Amino acid sequence: MSLLKKIYLVALLVLCEYSSYAQIVERWDKSVSNQKVDEKSKWFQDAKFGLFVHWGLFAQHAGEWKEKRYYGISEWVMNRGKIPVADYRKLAQQFNPSKFNANEWVKMINDAGIKYMVITAKHHEGFAMFGSKASDYNILNTPFKRDPMKELSVACKKGNVKMGFYYSQFLDWNEPNGGGNEWDFIEKNKDYKAYYNSKSIPQIKELLSNYGPLGLIWFDMPGGLSKEETQSLIDDARKIQPNCLLSSRVGQGLGDFRDFGDGEVPSTVVKGPWEAIFTHNDSWGYSKFDQNFKTPAEIIHLLVSVVSKGGNLMLNVGPKADGTIPEASVKCLKAVGGWLKINGASIYGTTYGPIAPQPWGVTTLKPRKLFLHVNKVPSNGVLLVPGLNVNIKQVSLLSNKNKLLWKKDKNLLTITLPTKLPDDINTVIVVEYDGQITDSYLDAPVVVSPRYPECSLEVIKANPSGNTKIIPVTHSLYFGDWKHTTCATDMQSPSDGITYNVQFTEPGDYKIMLEYNCPIENSKQEGLLQVGDQKFYFETLGSGSYDTWRPLMFIKQSVAMISVSASGVKTIKVSPVNEGKAELFKLSKIIIEPVK
Ligand code: H79
């Protein structure tokens, strides 16, 4: 098998591993409400916000090797550049993060409202960022000579931050028997078990033995072990620290909490402990060539969206080789912390929101308290909250406790917002109630209101028919910086398609657009949009091919103008007209825009 083909196969396997959540998350899972919180993972489920830290020798090259700039994830440069072990190891001779200060990091974490930190003890490059007897390729043998993991574990304990270690258990490009390096070593000579026994398992034991109680070990990229062997690795870890959680990437379907793909939020509520991992920019390790940092508003919206589905957000920063954290990340974390200081009650210790996402935002829940996260303000200042079959006691702003006017008609709560909301990014409203809210997340129609510039019907809320699949489509922009878009795919014959129930809150005229990806060669096929019994035929346009290694380009096509004469529920359906040579398109959403 050619090397290229092999890389491609590995990539496919990895992508499958990373984006297979469609198989494991039952869509709109009705049993979610009976979620049982395991005592051991309670702290994790309550924490909601973690800091991921990717720090290693890759911070020293920072994406640049021999005057070549590598765009994309910097921690993979050794692999990408096929850098010989002997050359790469020289980085260790210069590594001296003299500005590193564990207490400053923990202060930043505390100020950001972050409850746990997971730092790379060893990434795929093989270098241990801790003092290790199992391998001399470790930070004590650099000019730095200190063990930053020790310093961090002490500082975290003082600052009440749970500490966790990332450990890449299979890939190790420094070792002849480790996974991944086939430019220095010959694959057929590798003895993965020998690697596990001589380095990986001993180092995992060192981490569990020498740094006090750990919140979790974050494994990544499983390989080389059977289910029994993986279980035995887990048993060994449990013997040392029974309460330490292990990430699902330990492999073989095992582990205590679930991680999705890098940079992926599942499209719906997911039961049990889970985490979405995102990096602040596109690279995990520090890169000199990545300025694509998310703004505080983007992070707050991401956090709220993840928490409303029942998960944690673990946000990554990449410290530099001098031990400092990039200014953009420090500033952003501070701003997010400012928001959490005021609105933390609507995040920590909550469970997923029972109300389906609305045009204004999402919800989170505590017993007798429903939190409304208002990301977008309706133009008439009137907020509609459907699906509330409970007695409302009081509605108020979380930040200043000001009471708001409200009325309830059947299950629809109407709230009058003040002219100026306390927070432009996300204002939280507390609805206090009696009784048990029914989970309308599962079957509520998608709400369309003319009081917003546009309403998106995300495909996850559609019912697929025939062979249609609703799955995350994965691609990367530069190299390994995965992005995931949930799409309706495999609509190839008239019996395939997706249907929505859409609740129009008011009569009016609306423009309907489809957002999709369609390779030029598959374009010019006919599709049909049905709104109630009105039919709108259209021909697909080409937006560029789908390729995992390139940006996924979407096109917006306007296919209908409709007049809604009364508020109420309508069905909207999209399907191919003919038996196609290929799928109609990858549909990401239907956009409904009030005509102004
Ligand atoms: O630590 C960060 C990444 O370095 C790590 N996970 C996050 C948390 C990670 N390791 N592997 N992967 C993510 C997925 C690997 C995908 C691959 Fe590829 C596809 C390996 C080979 C082809 C990405 C693209 C890396 C090289 C090309």
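Residues numbered from 1 in each chain as written. Predicted model: local features only at pLDDT ≥ 70, side-chain atom pairs only at ≥ 80, totals over all residues. Heavy atoms only, no water.

1. Structural notes on unusual backbone geometry
Positive phi, close to 55°, is recorded for A62, a residue that is not glycine. Tracing the backbone through its elements, the reader meets A62 in the loop between helix 4 (58-61) and strand 2 (64-65). Taking relative accessible area as the criterion, A62 reaches 3% and is therefore assigned buried. For R368, which is not glycine, the phi torsion reads 65° and is therefore positive. (Helix = DSSP H or I, 4+ residues; strand = E, 2+ residues; numbered from the N terminus. Buried < 20%, exposed > 50% of the residue type's maximum accessible area, 1.4 Å probe, protein only.)

2. Quick notes on the domain arrangement of the protein
Domain parsing of the protein yields domain 1 (3-343), domain 2 (353-440) and domain 3 (455-594). Relative to domain 2, the C-alpha centre of domain 1 lies at a distance of 36 Å. Domain 1 puts 10 residues into the contact, and the matching count from domain 2 is 13 residues. Each partner contributes to the roughly 1,000 Å² buried at the junction of domain 1 and domain 2, and carbon and sulfur atoms together form 65% of this total. At the boundary of domain 1 and domain 2, one finds zero salt bridges. (Domains from an automatic or database assignment. Contact = heavy atoms within 4.5 Å. Buried area = accessible area lost by both parts, 1.4 Å probe. Salt bridge = Lys/Arg side-chain N within 4 Å of Asp/Glu carboxyl O.)

3. Describing the side chain of K199
Relative to the assigned elements, K199 resides in helix 10 (residues 192-210). There is a polar contact of 2.9 Å between the side chain of K199 and the side chain of D172. Excluding residues that lie within four positions of it along the chain, K199 makes contacts with K122, G126, A134, S135, Y167, D172, N174 and E175. (Polar contact = N/O pair within 3.5 Å; in protein donor to acceptor, adjacent residues only side chain to side chain.)

4. Thoughts on the site of the ligand
Close contacts around the ligand come from 20 residues, with H54, E75, H123, H124 and D220 the closest. Within the contact set of the ligand, an oxygen atom lies 2.8 Å away from a side-chain nitrogen or oxygen of H123. The contact in question runs from a nitrogen atom of the ligand to an N or O atom on the side chain of D220, over 2.8 Å. The element contributing the most residues to the shell around the ligand is helix 1 (residues 3-19), with three residues. Its residues placed into classes, the shell around the ligand shows 12 nonpolar, four polar and four charged. Looking at which domains feed residues into the shell around the ligand, each of domain 1 (3-343) and domain 3 (455-594) gives three or more. (Near = heavy atom within 4 Å. Nonpolar A, V, L, I, M, F, W, Y, C, P; charged D, E, K, R; others polar.)

5. A look at the nonpolar core
W55, Y88, M117, I119 and F165 are the most contacted members of the largest nonpolar core, which has 95 residues in total. Counting residues per element, this core draws most heavily on helix 12 (residues 296-308), at seven residues. Looking at which domains feed residues into this core, each of domain 1 (3-343) and domain 2 (353-440) gives three or more. The residues contacting I119, other than those within four sequence positions of it, are V53, W55, W105, M149, L152, M163, G164, F165 and Y166. By size, the runner-up hydrophobic cluster in this structure holds 57 residues, among which are V385, M491, L529 and I572. (Core = buried A, V, L, I, M, F, W, Y, C linked by side-chain atoms within 4.5 Å.)

6. Regarding a nonpolar patch on the surface
Taken together, Y71, L477 and Y478 make up a surface patch of nonpolar side chains, about 300 Å² in accessible area. The exposure class assigned to Y71 is partly exposed, which follows from its relative accessible area of 41%. (Patch = residues over 30% accessible without salt bridge, like charges linked within 9 Å, V, L, I, M, F, W, Y side chains within 5 Å. Areas by Shrake-Rupley, 256 points an atom, 1.4 Å probe, with all protein chains shown as cover.)

7. Here we look at the pattern of salt bridges
As enumerated under the stated definition, the model contains 25 salt bridges in all. Across the pair K199 and E175 runs a salt bridge, and its minimum N-O distance is 2.9 Å. Here K199, found in helix 10, pairs with E175, found in the loop between strand 5 (162-168) and helix 10; they are 24 residues apart in sequence, far enough to count as distant. For the salt bridge of D282 with K483, the shortest nitrogen-to-oxygen distance reads 2.8 Å. Of this pair, D282 sits in the loop between strand 9 (274-279) and helix 12 while K483 sits in strand 23 (residues 482-489), and the two are 201 residues apart along the sequence. If you follow the salt bridges from partner to partner, you end up with K122, D172, E175 and K199 in one network.

8. Notes on the pairing of strand 10 (residues 312-317)
Within strand 10, six of the six residues are buried, leaving the element largely enclosed by the surrounding structure. Because side chains alternate across strand 10, one face comprises the buried residues N312, M314 and N316, and the other comprises L313, L315 and V317, equally buried. Two strands pair when backbone bridges link them, and strand 1 (residues 49-53) and strand 10 are joined in this way by five bridges, in the parallel orientation. Looking at the pairing, F52 lines up with N316 of strand 10. Bridge analysis of strand 9 against strand 10 gives five bridges, and the strand direction is parallel. The residue bridging E275 from the neighbouring strand is N312, located in strand 10. Tracing the backbone out of strand 9, into helix 12 and back to the parallel element strand 10 gives a crossover that is right-handed. (Pairing = 2+ DSSP bridges. Right-handed = clockwise from strand over helix to strand, strands pointing away.)

9. Thoughts on the sheet that holds strand 6 (residues 216-220)
Overall, parallel pairing links the eight strands, which are arranged 7-6-5-4-1-10-9-8 in an open sheet. Each end of this open sheet is capped by a strand with a single partner; those strands are strand 7 (245-246) and strand 8 (258-262). Contacting strand 4 (116-122), strand 5 and strand 6, helix 10 runs over the sheet at an angle of about 175° to strand 5. Along the sheet face, helix 12 touches strand 1, strand 9 and strand 10 and points at about 145° away from the line of strand 10. (Axes fitted to C-alpha atoms, helices over the stretch in contact; angles between N-to-C directions.)

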